[in-house]
Amino acid sequence: MRSNKVYYYYFAGCIAVSSLLFLIIISLVIASIPAFDFYGVGLFASYFPAIYGTIVVSITAILIATVLSIGSSIFIVEYVPQRIKGFFINLNDLMASFPTIVYGFWGLYELGPFLNSTLFQFLYTYLGFIPLFSTPPTAVSYLLASIVLAIMITPFASSLIREVYSKIPESMDEGIYALGLGKYHVIKIKISYIAKSILGALTLAYGRGLGETVAVDLTIGNSFIASPSLLSTGITIPALIANQFGSAFTELELSSLFSLALVLFIIGLVFIIAGKLLFYKRQ
Amino acid sequence: MKDKLIFLFTLICTLIIFSPFLWLVLDLIIKGLNTIIAYGIDFLIAEPPLPGDGLGGIGTVLEGTLFMVLIASLISIPISLSTAVYVVMNERSKFAFLFRFLTESLLEFPTIIIGISVFIIFAKGLKLGLNGITAAIALSIIMIPYTTIQAIENMKQSRDKYLETGYALGLSDSNVIKLIVSEGREGVITGILIGMAKIFGETAPLLFTTVTSFNIFLKNLFSPVSAIPVLIFEYAFSPYENWHDVAWGASLTLMFIVIVLFTLTRFLIRRKI
Amino acid sequence: MMEASNAFEIYNLNVWIEEKHILKDIDNLQIPKNKIFSIMGPSGSGKSTFLKVLNRILELKNRVKISGVVKLNGEDIFKMDPVQLRRNVGIVFQQPNPFYHMSIFDNIAYALKANGFVKNKRELEERVIEALIKANLYDEVKDRLKKPASVLSGGQQQRLVIARALALKPQVLLLDEPTSQIDVVGARKIEELLLNLKEQLTIVLVSHIPQQAARISDYAALLYDGRLIEWGPSERIFTHPQNELTEKFVAGRL
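These numbers were taken from a predicted model, which means no experiment stands behind them. (Residues numbered from 1 in each chain as written. Chains lettered and ligands numbered in written order. Predicted model: local features only at pLDDT ≥ 70, side-chain atom pairs only at ≥ 80, totals over all residues. Heavy atoms only, no water.)

Draft legend 1. View of the environment of C:Tyr224. Residue and element names in this part refer to chain C. Among the secondary structure elements, Tyr 224 is positioned in strand 10 (residues 219–224). Remark: the alpha-carbon pair of Tyr 224 and Met 40, spanning 184 residues in sequence, is separated by 8.6 Å. Residue contacts for Tyr 224: discarding those within four places in its chain leaves Pro 42, Ser 45, Ile 229, Leu 245 and Leu 254. (Helix = DSSP H or I, 4+ residues; strand = E, 2+ residues; numbered from the N terminus. Contact = heavy atoms within 4.5 Å.)

Below, the structure is given as C-alpha cells:
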C-alpha cells in the first residue's frame, strides 16, 4: 500500500546519526593508537591518580544521589498535594537541565567555603582517625566535587525514578491498604516493585557522573595525587583531559589524553547500555 | 511510627536536594545583578575587562554563544526531524529500533568525548580549525538526540491520531507525513527548545573546539569566537576579582536564558495536553 | 438481638467526591452476618463507592466528603482506626492486583508478617497454606509457591488476592465485581468459593450481572444514580420486586 520511496530522505537522517556515532568511536580509537604503541598498557599506570579520582568521586556522588533521589521521588509522588506537585516536578527537572558550569562555579566559590568551615571541618575533627577523613580540609576536594556532582545527578535520577514510580497503578496502593497496612508498607512494596528500574536509573546517572567535566574540574582542586582521604584534593579523567589539552603540544601527549578519553568512553558505554536495559526492562 | 519515619526521611531528602539549588539561584541573582547593575545594561554588549581592570561586559561571548547555538540548531534540526520521521513511520522495523537506541545512547555520551572527537575529525582532520563553526558542530551532535527523542515521542501521538485518517482521505505518503509533523509541531518545537537549553550551557566540548580568548567579536563565519560557559570556566579559575564578578553576571545571564527556554517548553507541553 | 445478627448497619449515608454527590441518602440498610449480600446497579450507580466506604478505603482518595453513620457490629466505623478496620474488613477489586513481583507465598505472607500476626516461620507457613486452601487455590499452586504471582492466570490471580485477604481472618470480605475481568470457568470457581466462604464470614459483593447475584446471594440491593432503590432477601427481589426500576434491572432492561 505504501511505497518506500519517500522514506529514503528520512533514512538519511538516521544514517547521519549512526555514522556520527561510529565516527566518534573510530576517531577516538585511531587517535589513541600512537600512545598505546608507545607506552603500551603502562600508559594507564601513569595516569593512576586520575583513574582513581574518577572512581572515588563518581562512587561517592552516586551513593549520595541514591538516597536523595529515591527519597525525594517518593516524597513528590506520595506526599506532595496534587496542586503543587507540578511545581516540585518542574523545579526538579529544571535542576536536571541547569548548566553544569554554573553548578561548578557556585560550588567553588559558595558551597565549598561553606562546607569547608562546617561539614569538612567536623569530619576532620571528629572522624579524622579514619583514613577517609584524615587530611586537613581544604575548600576544594574529592568530597566537594562529589557533593556538587550529586547535586547535579540526583534530579536526573529522581526524574527517571519518579516517572516509573508514578506510573504504578493505583490498584497497587489500594491492595496494600486493603490488607490493613500503612504508608510505610505501601512505599516499601512499590519501591521493591520497581527495583530494577531504579537500579537502571541510578546506573544511567552514574554514567552521567563519570563523564562530567567542568563542574568536577572546578571543585576537585586538580592535584595529580591519589589520596585515601575524601577531604584531599585530587583529579579525575575528564578534568585532567580538560586541563592538559591546552598545554599538550606533542602528538604523543595529545594521543595519551585521547586514549584516556577512549577508556572513559568505553566504561561510560557499559553503564549506558546496562542502565538502559535495566530501566526499560518490563517489570 | 514507621509511617511517620518514612515521611520524615523523604521530606529531609527533598529538602537536602532542593535547598542547595534555591541557594544557588539566590546567589546568582544577587551577585549577578550586582555586577550587571554596577556596569549597566551594556554588560550584554561590551567586551570583557582586562584582568584587575574594573568591570566589563560579555558582549563577545554572548555573540559567540548565540552564533554557535544558531548554527548548531540549523545543523541538527533537519537531521533530528528526518530521523524522528523515519523512526515514527517505521516503528516496528529493526532499523527504527536500532536508530532510536543509538540516538538515546548518544544522549548519554559524555559531552567531553563528543568535543574531543569533533576536534580530531573536524578541527584537525578536516582542518576546520578552532572556531565557532567547529564548536557548533560539536554542539549540534549534543543537540540532535534531545531534539530527536522529543520529536519522536510527540509525533507518535499525532501518528496514532492521523495515520489512518490521512490514508483514508487518499493523501499521499509525503502529505500524510506533513500532516503528522505539523500536528506534532508543538512537540517538535519543544524538542528543539530543550536541545537549545542543553547546548547553551555546554562547556566541556567547547574547550576542544574553539578558542579561549574572550575579546574577539565575530568577523566572519570562521573567526575564532568563544562562548559564555567557557568564559565562566576560565574566569572562575583566574585569581582576579573583577573577572569573578563578570563570571557571576555571565552565570546569571546563562541562567536567565535556560529558565526562559525551560519555561517555554513547559508551557508548550502543558498546552498540548 | 437483632443488632448482633447484622455485620453492617448504614444510616443516612451521603458521599461526595470532588464536590460531586455520588451516594445519596442511603438509609436503614442492614447487611446480615454470614450471608452473601449483593449490591447491584448499572455502571455509575455508585456501587463501588459504596463498597469502598465500608472499609474506609475511599477516604484515601483526594477530596472525599462522607456524612452519615456506618456501624460494624454496632460500632461506628468512622470512629475506628482505619488500619484496624481494614484488617477486619478485607476487599477484593475488579482487576486482580496481586504483588506481581513477589512470589505466590510472599503475596500472602507479607501482610501476615507486617501486621505481626504470626510468631514464627512454621505458623506463617501454616497460615499461608490455610488461606490458599480456603481460596481453592492450593492444589493448583502447591508446587510453585516460590514462583512470582505473574505466572498465574487471571482467575488464579484473583483467587490469590482473595487468599491474601482471607489470611488476615477478616469478619467481612468486600468484593467489587470480582469476576468481571475473568474467563467463565475462573468466574464459576470464584462463585463456588464464595458460597463455601459464607460459613466463616460475611460477604458483600458488587455485581452488575443480575444473574450472578441471583445465583449466589442471600440478600440483594439495587442502587441507581446513587440512591438505594430497594433491598431485601434475594428470593423476593428477584421474583417480586416492588420497585419498577428493580424489575427492569432484574429483567436486564436497565
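Draft legend 2. Here's a closer look at the pairing of strand 10 of chain C. Residues and elements named next belong to chain C. Here strand 4 (residues 36–40) pairs with strand 10 via four bridges, running parallel. Paired with Met 40 across the strands is Leu 222, a residue of strand 10. Pairing between strand 10 and strand 11 (residues 227–233): six bridges, direction antiparallel. From the neighbouring strand, Ala 221 faces strand 11, where its bridge partner is Trp 231. Adjacent in sequence and paired antiparallel, strand 10 and strand 11 are bridged by two residues, among which Asp 225 carries a positive phi angle near 50°. (Pairing = 2+ DSSP bridges.)

Draft legend 3. Just the side chain of B:Ser117, in detail. On the secondary structure map, B:Ser117 appears in helix 4 (residues 111–125). Beyond its immediate chain neighbours, meaning those up to four positions away, B:Ser117 contacts A:Ile24, A:Ser27, A:Leu28 and B:Phe122.

Draft legend 4. Broad picture of the interface of chain A and chain C. Taken together, the 17 residues of chain A in the interface contact 24 residues of chain C. Of the roughly 1700 Å² buried between chain A and chain C, counting both surfaces, carbon and sulfur atoms make up 66%. At the junction of chain A with chain C, the criterion picks out one salt bridge. For C:Lys52, the salt bridge is made with A:Glu174, and the minimal N-O distance between the two is 3.1 Å. The interface formed by chain A and chain C includes eight residue pairs in polar contact (both at pLDDT 80 or more). Counting only elements with at least two residues in the side of chain A that touches chain C, the list comes to helix 7 (170–177) and helix 8 (183–193) of chain A. It is helix 7 of chain A that provides the largest number of residues to the side of chain A that touches chain C, a total of seven residues. (Buried area = accessible area lost by both parts, 1.4 Å probe. Salt bridge = Lys/Arg side-chain N within 4 Å of Asp/Glu carboxyl O. Polar contact = N/O pair within 3.5 Å; in protein donor to acceptor, adjacent residues only side chain to side chain.)

Draft legend 5. Up close: the sheet that holds strand 10 of chain C. Residues and elements named next belong to chain C. Taken in spatial order, the six strands line up as 7-8-9-4-10-11 in an open sheet, and their pairing is mixed. The open sheet has two edge strands, strand 7 (89–92) and strand 11, and neither has a second partner. Neighbour-to-neighbour, the strand axes of the sheet open up by a mean angle of 15°, direction not taken into account. Pairing between strand 7 and strand 8 (residues 172–176): four bridges, direction parallel. Note that in strand 8 the partner of Ile 91 across the bridge is Leu 174. (Axes fitted to C-alpha atoms, helices over the stretch in contact; angles between N-to-C directions.)

That's the geometry; what it means functionally is another story.
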